[in-house]
2 protein chains.
Amino acid sequence: MVMGEPRREEYKIQSFDAETQQLLKTALKDPGAVDLDKVANVIVDHSLQDCVFSKEAGRMCYAIIQAESKQAGQSVFRRGLLNRLQQEYQAREQLRARSLQGWVCYVTFICNVFDYLRVRPQQPPWMADSLPPKAQAGLLPTATQPGALVLFLPQVNNMPMMALVNPVYDCLFRLAQPDSLSKEEEVDCLVLQLHRVGEQLEKMNGQRMDELFVLIRDGFLLPTGLSSLAQLLLLEIIEFRAAGWKTTPAAQKYYYSEVSD
Amino acid sequence: MVMGEPRREEYKIQSFDAETQQLLKTALKDPGAVDLDKVANVIVDHSLQDCVFSKEAGRMCYAIIQAESKQAGQSVFRRGLLNRLQQEYQAREQLRARSLQGWVCYVTFICNVFDYLRVRPQQPPWMADSLPPKAQAGLLPTATQPGALVLFLPQVNNMPMMALVNPVYDCLFRLAQPDSLSKEEEVDCLVLQLHRVGEQLEKMNGQRMDELFVLIRDGFLLPTGLSSLAQLLLLEIIEFRAAGWKTTPAAQKYYYSEVSD
């Protein structure tokens, strides 16, 4: 998605009630005027219940982060967002046991946040893969707060993407376990996320991607009761990655044009 | 294989009886002194019975073709060879019904001949993908004989590789039918040939390669009673092709370094 394009969908804001819509609109225009921790919680809560919203919620989060940074040079919202993501991450097995859909929405959301928080044109290029010299020397403001995001954000303000790499991988590994591969919702989620952020994840940590695909191939080859659709989805993602994270014309035709009987 | 390397294995000539070894040695050194039709038949007969030999027989055929061409500017041996290949090709279903091993050896042999008869450094570059202007204008000697190789060699002397493309594809399509995919010898043969000549074949006719991989994926996804080993082999070749006919480091590790349980 090209940044700066018209806000066609108003960040999917219409799926919230009127009062919350107002809160979110203000957060986007005048972030200093609202409780950004509350905003973060509202967005995460909604994401866990609405998988359609969770697929695009990273965009809204990114816009609020940018607005706050521009207005006040702060990252209250991002910290709140990542804090909440971390809480859910730590309780992910319970979440999955309680609500498979909630779990799938969570993975969708964290991957989408990872996708949006990675380098964007407006951000300085050093955010891509290393800290800027000033930050390394401890000269940038860090704004850490007690108890904030030890797991996710050792370098709080600078490396959101790096910090999310392992949690995102952990979620995908969970989806590639046999008991998840036997559930089409989870297989569907796994391959959607890999289509979206797989290439970027592999760049950040190629070894974990190799390990993830060992699980996926094993799931495919061992008799674990995959459905036909799950097999098709997994075979497609195996080819997709083998082709360098793209769909070859032949695969396009096979997986997206033909009806298999 | 680099042409011009020492003839370490003497073209595997030692698997023949003493008299035939002499015949083959003469064919290589002084092709005009022997019955080259007989030589072609001896080599094909032996290939159909000895799968180890058939994997490398193309090399010997190529050397005899080169020797004859150099000595006499003729192609009696090549014509005899391709004639015989065509006979077996036309009777391939009977061959398969009679002897699965003979059939597998045949496919191995024809693919190996295809592999060796494709462009080599000594051959002029126009043999790669088009006829030279002189041949197109009918100015090159063609040496066609009555009844020779209508199916295989419409352009007898110039395009052996082009002529073999479709027969080779037909054999591989046969190996990708459900009844063949349930036999490990045939799956093994299929993936070996694709490793060896798949890339070249795709360059000659990409659409047929797409069709072949439709069969292979279908074999995988439809319940056709593939063995675990067959599944592993087919998944590997699917990834191999998707990666542009090469093994990625991750695939190398998965398929060639680990023991699957």
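The model shown is predicted, which means the values in this text are computed figures rather than measured ones. (Residues numbered from 1 in each chain as written. Chains lettered and ligands numbered in written order. Predicted model: local features only at pLDDT ≥ 70, side-chain atom pairs only at ≥ 80, totals over all residues. Heavy atoms only, no water.)

## Observations regarding the domain arrangement of chain A
All names here are of chain A. Each assigned domain of chain A is listed with its residue range as follows: domain 1 (12-119) and domain 2 (164-256). Taken over C-alpha atoms, the centre of domain 1 sits 25 Å from the centre of domain 2. Contacts between the two partners involve 21 residues from domain 1 and, on the opposite side, 22 residues from domain 2. Overall, the association of domain 1 and domain 2 removes approximately 1900 Å² of surface from exposure, summing both partners, and the carbon and sulfur fraction of that is 69%. It is Arg96, Cys111 and Phe114 that lose the most area in domain 1 upon contact with domain 2, and together they represent 31% of the buried surface on that side. Inspection of the domain 1/domain 2 interface yields five salt bridges. Salt-bridge contacts for Arg196 lead to Glu56; the nearest nitrogen and oxygen are separated by 3.1 Å. The interface formed by domain 1 and domain 2 contains nine residue pairs in polar contact (both at pLDDT 80 or more). (Domains from an automatic or database assignment. Contact = heavy atoms within 4.5 Å. Buried area = accessible area lost by both parts, 1.4 Å probe. Salt bridge = Lys/Arg side-chain N within 4 Å of Asp/Glu carboxyl O. Polar contact = N/O pair within 3.5 Å; in protein donor to acceptor, adjacent residues only side chain to side chain.)

## Considering the environment of A:Gly80
Structurally, A:Gly80 can be placed in helix H5 (residues 76-90). Spatially, the C-alpha atom of A:Gly80 lies 18 Å from that of A:Thr108, the residues being 28 residues apart in sequence. (Helix = DSSP H or I, 4+ residues; strand = E, 2+ residues; numbered from the N terminus.)

## Examining the pattern of salt bridges
All names here are of chain A. Tallied over the entire structure, the rule returns 24 salt bridges over all chains. One salt bridge connects Asp179 with Arg174, and the closest N-O pair in it is separated by 3.0 Å. A salt bridge links Asp210 to Arg241, with the nearest nitrogen and oxygen atoms 2.6 Å apart. One end of the pair, Asp210, is in helix H12 (residues 206-221); the other, Arg241, is in helix H13 (residues 228-242), and 31 residues separate them in sequence. Connected via shared salt-bridge partners are Glu93, Arg96, Arg174, Asp179 and Glu186.

## Examining the relation of the copies chain A and chain B
Each copy superposes on the other: chain A lies on chain B with an RMSD of 0.1 Å after a rotation of 180° and an axial shift of 0.0 Å. Here the two chains are linked by the operation of a two-fold rotation axis. Minimal C-alpha separation from the rotation axis in chain A is found for A:Ala243, amounting to 2.2 Å. A share of 96% of the interface residues of chain A reappears at the interface of chain B, consistent with the copies meeting face to face through the same patch. (Least-squares fit on C-alpha atoms with pLDDT ≥ 70 in both.)

## Some remarks on the state of the cysteines
Disulfides are covalent bonds that connect the sulfur atoms of two cysteines. With the rule as written, the count across this model stands at two disulfides over all chains. A sulfur-sulfur distance of 2.1 Å marks the disulfide that ties A:Cys51 to A:Cys105. Judged by the sign of its S-S torsion, about -120°, the cystine formed by A:Cys51 and A:Cys105 is left-handed. Within this pair, whereas A:Cys51 is found in helix H3 (residues 51-54), its partner A:Cys105 is found in helix H7 (residues 100-117), the two being separated by 54 residues in sequence. No disulfide involves A:Cys189; its nearest neighbouring cysteine sulfur is the one of A:Cys111, lying 6.7 Å away. Using a relative accessible area of 3% as the deciding quantity, one classes A:Cys189 as buried. Free cysteine: B:Cys111, not disulfide-bonded; nearest cysteine sulfur from B:Cys171 at 6.7 Å. (Disulfide = S-S within 2.5 Å. Buried < 20%, exposed > 50% of the residue type's maximum accessible area, 1.4 Å probe, protein only.)

## Points about the environment of A:Phe173
All names here are of chain A. By the secondary structure assignment, Phe173 is in helix H9 (residues 160-175). By relative accessible area, Phe173 is classed as buried at 15%. Along the chain, Phe173 and Glu199 lie 26 residues apart, while their C-alpha atoms are 16 Å from each other.

## Some thoughts on the nonpolar core
Core analysis: the largest hydrophobic core is formed by 146 residues, its most contacted members being A:Ile43 and B:Ile43. The dominant element in this core, judged by the number of residues it contributes, is helix H7 (residues 100-117) of chain B, at 11 residues. (Core = buried A, V, L, I, M, F, W, Y, C linked by side-chain atoms within 4.5 Å.)

## Brief notes about the environment of B:Glu236
Residues and elements named next belong to chain B. Among the secondary structure elements, Glu236 is positioned in helix H13 (residues 228-242). Between the alpha carbons of Glu236 and Ala251 there is a distance of 7.5 Å; along the sequence they are 15 residues apart. Not counting the four nearest positions on each side in its chain, Glu236 is found in contact with His195, Thr247, Tyr255 and Tyr256.

## A short note on the packing of helix H4 (residues 57-72) of chain B against helix H5 (residues 76-90) of chain B
Residue and element names in this part refer to chain B. At a minimum axis distance of 8 Å, the contact between H4 and H5 shows a crossing angle of 145°. Together, Cys61, Ile64, Ile65 and Glu68 of H4 and Val76, Phe77, Arg78 and Leu81 of H5 make up the contact between the two elements. In terms of residue class, the contact of H4 with H5 is made up of six nonpolar, no polar and two charged. (Axes fitted to C-alpha atoms, helices over the stretch in contact; angles between N-to-C directions. Nonpolar A, V, L, I, M, F, W, Y, C, P; charged D, E, K, R; others polar.)

## As for the interface of chain A and chain B
Counting from both sides, the interface comprises 23 residues of chain A and, opposite them, 22 residues of chain B. Together, the buried faces of chain A and chain B total about 2000 Å²; carbon and sulfur atoms form 61% of this surface. Among the residues of chain A in contact with chain B, A:Arg217, A:Leu221 and A:Tyr254 are the three that bury the most area, contributing 32% of the side total. Where chain A meets chain B, there are two salt bridges.

## Focus: helix H14 (residues 249-257) of chain A
Since the α-helix turns once every 3.6 residues, residues separated by three or four places project in the same direction. Of all the positions in H14(A), only A:Ala250, A:Ala251, A:Tyr254 and A:Tyr255 are classed as buried. Along the axis of H14(A), the buried positions cluster into a sector of 100°, meaning they face one direction only. The exposed set on the far side of H14(A), more than 90 degrees from its buried face, consists of A:Pro249 and A:Ser257. Contact partners of the buried residues in H14(A): H13 of chain A together with helix H12 (206-221) and H13 of chain B. (Arc of directions from axis to C-beta.)

## Here we look at the packing of aromatic side chains
Per the stated rule, a full pass over the model turns up 11 aromatic pairs over all chains. Between B:Phe213 and B:Trp245, the ring centres sit 6.1 Å apart and the planes meet at 80°, which makes this aromatic pair edge-to-face. Residue B:Phe213 is located in helix H12, and its partner B:Trp245 is located in the loop between H13 and helix H14 (249-257); the two are separated by 32 residues in the primary sequence. Each member of the pair, B:Phe213 as well as B:Trp245, is classed as buried. Taking the centre distance of 6.1 Å and the plane angle of 80° together, the rings of B:Phe240 and B:Trp245 count as edge-to-face. For the residue pair B:Phe240 and B:Trp245, the accessibility class agrees, reading buried in each case. Through pairs of rings, three or more aromatic residues link up here, namely A:Phe213, A:Phe240 and A:Trp245. A cation sits over an aromatic face here: A:Arg241 above A:Phe213, 4.8 Å from the ring centre. (Phe/Tyr/Trp six-rings, centres within 6.5 Å; stacked < 30°, edge-to-face > 60°. Lys NZ or Arg CZ within 6 Å of the ring centre and 35° of its normal.)

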